[in-house]
Amino acid sequence: MVRIFPIAYLISFILLWCGCAKDPFILPETGLVWPDKQRSYWPTAGWKQLPMSTLHVDSLDMLKADAFARADPLSRCLLVIKEGYIVFEAYYNDGDIDASTNVWSVTKSVTSALVGHVYDAGFISDTDTLMKGLMPDYPDFNDISLHHVLTQSTGLSWVESGPLWVDWILADDWVQSALDRGFVHEPGTVFHYSSANSHFLSALIFEITGQTPGLLAKTMLFDPLGISFHTVEVQPDYDTWSDYIVPFDQSWHRDPKGIECASFGLFLTARDMAKIGYLYLNRGMWDGQPVISDEWIRLSVTEHVTDIYDRYSYGYQWWITKVNGVPAFLASGYGGQMIGIVPSLDLVVVLKYEAENPQHPVQGTAHDDMYLFDLVVKAVQ
């Protein structure tokens, strides 16, 4: 027997179904809630500290975060900056305040900051500009725009590990080697995380400024923030992937062309990482001077791609998510390296884990970086 549903019932069902459909966006329509840019001091020469109670951070909840980090043998550092002051700092296992370690894919977000400087300086008029126009020696970019590269939506055929990864690392030209793999999706249609996409940005910086990303980073980013950094004087020979793991304290590994690796290989301390997070928390301002424009910061943490891994959106090489129910954005690296920023709480959280032989964090285990981030935010809330 065919059942005839009353039209009112059918309309109610449709409305209910639509109301239950998942909203792919994380941020409210009004966007992030940013703190006041006015600061009583800037940590250029070093961070100041205040007791947790002074800034209304729950010490018992923070002890839970500390205990969780301490129970993970891969933990190296938990650093919490509230309203510009260190309220918690602990180092675990082989971690140390002066330990300069590979931040892995946090490097991608730093590279995005350099692209922002190039954008602010007028070298790039629009992120919809085609890459083949910006880098004419590489016509195989076809219809890929800078926006597609920044948002990991080029459609590039890519594997982020294994023999194909090593083949790329040992190629003479990382840009052409990646392009030679071809494309499996139309640009702008599919998010696919790729270190090659990020390295396109590094090569672009060198192409249009004539400066290596490392030198540009030192002059426009690290020096103004008081981050000790030196560029590579002599290009090392890299014969194996293991050569890229060799520690480069306060420096940055390069590709075979002498261009810094946009997707990994930057070595920083936890306090240095916090300075980068604090710069973004203050929308590009540092001690009264714009290091990166407010426009670029906002573009970087706009949800250009949504509904990733059931928890994230993606901006310009920055991840957007909610932590304990509060909107946040973060730079995330292999093994759990993290710069997490929660603007509405005036908060920067830095996590460091074993970096020379990192292991991917696994949700629900002792090695769960996002759960630790959640615990910290709960303590601050």
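Just so it is clear, the model here is predicted, and its values are computed rather than measured.

## What about the overall build of the protein chain?
When helices and strands are tallied, the protein chain shows 12 helices and 12 strands. Taking 21 Å as the expected radius of gyration for a compact globule of 381 residues, we find that the protein chain reaches 22 Å, a close match to that expectation. Dimensions of the protein chain, computed from the C-alpha atoms along their principal axes, are close to 80 × 55 × 40 Å. For the protein chain, restricting intrachain contacts to residue pairs at least 6 apart in sequence, the fraction spanning at least 24 positions comes to 66%. Within the structure as shown, the protein chain displays about 16600 Å² of accessible surface, and the carbon and sulfur contribution to it stands at 54%. Distance between charge centroids for the protein chain: 8 Å, based on 23 positive and 46 negative side chains.

## Structural notes on the environment of H304
You can see H304 is positioned in the loop between α11 (294-300) and β7 (305-308). Here H304 falls in the partly exposed class, since its relative accessible area comes to 27%. For the pair H304 and S153, spaced 151 residues apart in the sequence, the C-alpha separation amounts to 9.9 Å. Other than its neighbours up to four places away in sequence, H304 contacts H147, T151, L299, Y314, G315 and Y316.

## Here we look at the nonpolar core
In this structure, L78, M131 and F373 are the most contacted members of the largest nonpolar core, which totals 131 residues. Ignoring anything within four residues of it in the chain, the contact list for L78 reads A65, D66, F88, E89, A90, Y92, V349, V350, L351, L372 and V376.

## Considering helix α2 (residues 59-70)
The end-to-end C-alpha separation of α2 is 16 Å, in line with the 16 Å expected for 12 residues at 1.5 Å each. Of the positions making up α2, those classed as buried are D61, M62, A65, D66, F68 and A69. Projected down its long axis, α2 shows its buried positions confined to an angular sector of 160 degrees, all on one face. Relative to its buried face, α2 has exposed residues pointing more than 90 degrees away, namely L60 and K64. Structurally, α2 contributes buried residues whose contacts are with β1 (75-82), β2 (85-91) and α12 (369-380). Its side-chain oxygen at 2.9 Å from the backbone nitrogen of L60, D58 defines the N-terminal cap of α2.

## Considerations on unusual backbone geometry
Backbone geometry at R283 places phi at a positive 55 degrees, although glycine is not the residue there. Here R283 shows up in the loop between α10 (270-281) and β5 (285-286).

## Considering the pairing of strand β11 (residues 337-342)
In terms of residue burial, β11 counts as a mostly covered element, since 6 of its 6 residues are buried. Of the two faces of β11, the one carrying Q337, I339 and I341 and the one carrying M338, G340 and V342 are both buried. Summarising the sheet, strand β10 (residues 326-333) and β11 pair through 5 bridges and their orientation is antiparallel. Bridge pairing in β11 places L330 opposite G340. Here β10 folds back onto β11, and the loop between the two strands holds 3 residues, one of which, G335, carries a positive phi near 90 degrees. The turn joining β11 and strand β12 (residues 347-353), which pair antiparallel and follow one another in sequence, is formed by 4 residues; a positive phi near 50 degrees is taken by D346.

## Observations concerning the sheet that holds β12
Sheets are built from strands paired through backbone hydrogen bonds, the pairs being either parallel or antiparallel. Read from one edge of the open sheet, 8 strands run β2-β1-β12-β11-β10-β9-β8-β7, paired in antiparallel fashion. At either end of the open sheet lies a strand with only one pairing partner, and these are β2 and β7. Averaged over all neighbouring strand pairs, the angle between strand axes comes to 20 degrees, with direction disregarded. Two elements, β1 and β2, share 6 bridges in a ladder whose sense is antiparallel.

## Digging into the packing of helix α3 (residues 106-120) against helix α8 (residues 195-209)
The N-to-C vectors of α3 and α8 enclose an angle of 35 degrees; their axes lie 10 Å apart at closest approach. As α3 packs across α8, the resulting crossing turns out to be left-handed. Residue-level contacts link K108, T111, L114, V115 and V118 of α3 to S195, S198, L201, S202, I205, I208 and T209 of α8. In terms of residue class, the contact of α3 with α8 is made up of 6 nonpolar, 5 polar and 1 charged.

## A closer look at the environment of Q250
Mapping Q250 onto the fold places it in the loop between α9 (213-225) and β4 (267-268). Owing to a relative accessible area of 11%, Q250 belongs among the buried residues under this scheme. When residues no more than four places from it in sequence are discounted, the contact partners of Q250 are S100, I227, S228, F229, H230, F267, L268, T269 and D272. A polar side-chain atom of Q250 sits 2.8 Å from a polar atom in the side chain of D272.

## Some thoughts on the pattern of salt bridges
Considering all chains together, one arrives at 11 salt bridges under this definition. Through salt bridges with shared partners, one network takes in R283, D294 and R298.

## Side note on α12
Between its terminal C-alpha atoms α12 stretches 17 Å, which fits the 16 Å expected from 12 residues at 1.5 Å a residue. Of all 12 residues making up α12, 10 are buried, and the element is well covered by its neighbours. All buried positions along α12 are accounted for by D369, M370, L372, F373, D374, L375, V376, V377, A379 and V380. At the N-terminal boundary of α12, the capping side chain belongs to D368, with an oxygen 3.4 Å from the backbone nitrogen of M370.

## Notes on the side chain of S313
Note on placement: S313 falls in strand β8 (residues 312-314). Here E303 takes part through its side chain, which lies 2.6 Å from a polar atom of the side chain of S313. Dropping the residues within four chain positions of it, S313 is found in contact with P24, I26, E303, V305, T306, D307, I308, W318, W319 and I320.

What counts, and where the lines are drawn
- Residues numbered from 1 in each chain as written.
- Predicted model: local features only at pLDDT ≥ 70, side-chain atom pairs only at ≥ 80, totals over all residues.
- Heavy atoms only, no water.
- Helix = DSSP H or I, 4+ residues; strand = E, 2+ residues; numbered from the N terminus.
- Rg over C-alpha atoms; globule rule 2.2 N^0.38 Å.
- Contact = heavy atoms within 4.5 Å.
- Areas by Shrake-Rupley, 256 points an atom, 1.4 Å probe, with all protein chains shown as cover.
- Lys, Arg positive; Asp, Glu negative; His and termini not counted.
- Charge placed at Lys NZ, Arg CZ, Asp CG, Glu CD.
- Buried < 20%, exposed > 50% of the residue type's maximum accessible area, 1.4 Å probe, protein only.
- Core = buried A, V, L, I, M, F, W, Y, C linked by side-chain atoms within 4.5 Å.
- Expected span 1.5 Å × (residues − 1).
- Arc of directions from axis to C-beta.
- Polar contact = N/O pair within 3.5 Å; in protein donor to acceptor, adjacent residues only side chain to side chain.
- Pairing = 2+ DSSP bridges.
- Axes fitted to C-alpha atoms, helices over the stretch in contact; angles between N-to-C directions.
- Left-handed = near helix turned anticlockwise from the far one by under 90°.
- Nonpolar A, V, L, I, M, F, W, Y, C, P; charged D, E, K, R; others polar.
- Salt bridge = Lys/Arg side-chain N within 4 Å of Asp/Glu carboxyl O.

Purely spatial values, then, with no claim about function.
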